[in-house]
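Reading the structure
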Amino acid sequence: MRTVELVCDAAFDRAVREVWQRLSDGGVDSLAHNTHAGHRPHLTLAACARMPADAGPRLDELLAGALPLTVRLSGLVSFGARSRRRVLSWSIVPTVELVLLHQRVWEILAEAEDPGPYYLPGRWSPHIGLTRRLEPGALALAHSVLGRHPDVEGAFGAARSFDSESQQTTWLGAR
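Summing up its helical and strand segments, the chain has four helices and eight strands in all. Helices (α) and strands (β) of the chain occur, in sequence order from the N terminus, as β-α-β-α-β-β-α-β-β-α-β-β. For 175 residues, the compact-globule formula gives about 16 Å, and the C-alpha radius of gyration of the chain, at 16 Å, lands near that figure. Here the C-alpha coordinates of the chain stretch approximately 45 × 30 × 30 Å along the principal axes. By sequence separation, contacts in the chain at least 24 residues apart represent 78% of the contacts at least 6 residues apart.

See the structure below:
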């Protein structure tokens, strides 16, 4: 799979990592200890098996003009994971700017091979992941650890693409 992701600026990154650590300290299998070298808080805009040949330069131009992009994290959501396990995430309020950017990314990727259905316009739910797959009891513990979770405002300052086959990250837009 290839992705198009927005990456948090330094302050936003720290805010998300603090929540990862709070969860971990509370006994929840959070993303705090993901050992992949490229792992960091991010928002996935798109995923597909292969991008069209001309997508790279077009995504560079689009994303260079769209960043930084300020968003607000508000509320916790969980997604199913092909079993009774759930992934806990921090929901992103879908601003007009974010929704239009997402739409434009998919206009560039219109001919992408095997697009990820949950990332397509109309099905996409913008979020930043907080945990790995959790059994129901661990999900309840995560909510207990976080309590009444405050909203946080932050900015995405860069964009990248990750290739799961080669495990390579390519930066997109101005960096």
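Resuming the write-up.
Turning our attention to the packing of helix α2 (residues 55–66) against helix α3 (residues 96–108). Between α2 and α3, the shortest axis-to-axis distance is 10 Å and the interhelical angle comes to 165°. Relative to α3, the element α2 is oriented roughly antiparallel. Relative to α3, the crossing made by α2 is right-handed. Every residue of α3 that contacts α2 at Ala55, Arg58, Leu59, Leu62, Leu63 and Ala66 is listed here: Leu101, Arg104, Val105, Glu107 and Ile108. The residue inventory of the contact of α2 with α3, partitioned by class, reads eight nonpolar, no polar and three charged.

Enumeration according to the criterion identifies one aromatic pair in this entry. Aromatic pair Phe12 and Phe156: ring centres 5.4 Å apart, planes at 70°, arrangement edge-to-face. Here Phe12, found in helix α1 (residues 10–25), pairs with Phe156, found in strand β7 (residues 152–163); they are 144 residues apart in sequence, far enough to count as distant. Using a relative accessible area of 0% as the deciding quantity, one classes Phe156 as buried.

Calculation rules
- Residues numbered from 1 in each chain as written.
- Predicted model: local features only at pLDDT ≥ 70, side-chain atom pairs only at ≥ 80, totals over all residues.
- Heavy atoms only, no water.
- Helix = DSSP H or I, 4+ residues; strand = E, 2+ residues; numbered from the N terminus.
- Rg over C-alpha atoms; globule rule 2.2 N^0.38 Å.
- Contact = heavy atoms within 4.5 Å.
- Axes fitted to C-alpha atoms, helices over the stretch in contact; angles between N-to-C directions.
- Parallel < 35°, antiparallel > 145°, perpendicular 65-115°, else oblique.
- Left-handed = near helix turned anticlockwise from the far one by under 90°.
- Nonpolar A, V, L, I, M, F, W, Y, C, P; charged D, E, K, R; others polar.
- Phe/Tyr/Trp six-rings, centres within 6.5 Å; stacked < 30°, edge-to-face > 60°.
- Buried < 20%, exposed > 50% of the residue type's maximum accessible area, 1.4 Å probe, protein only.

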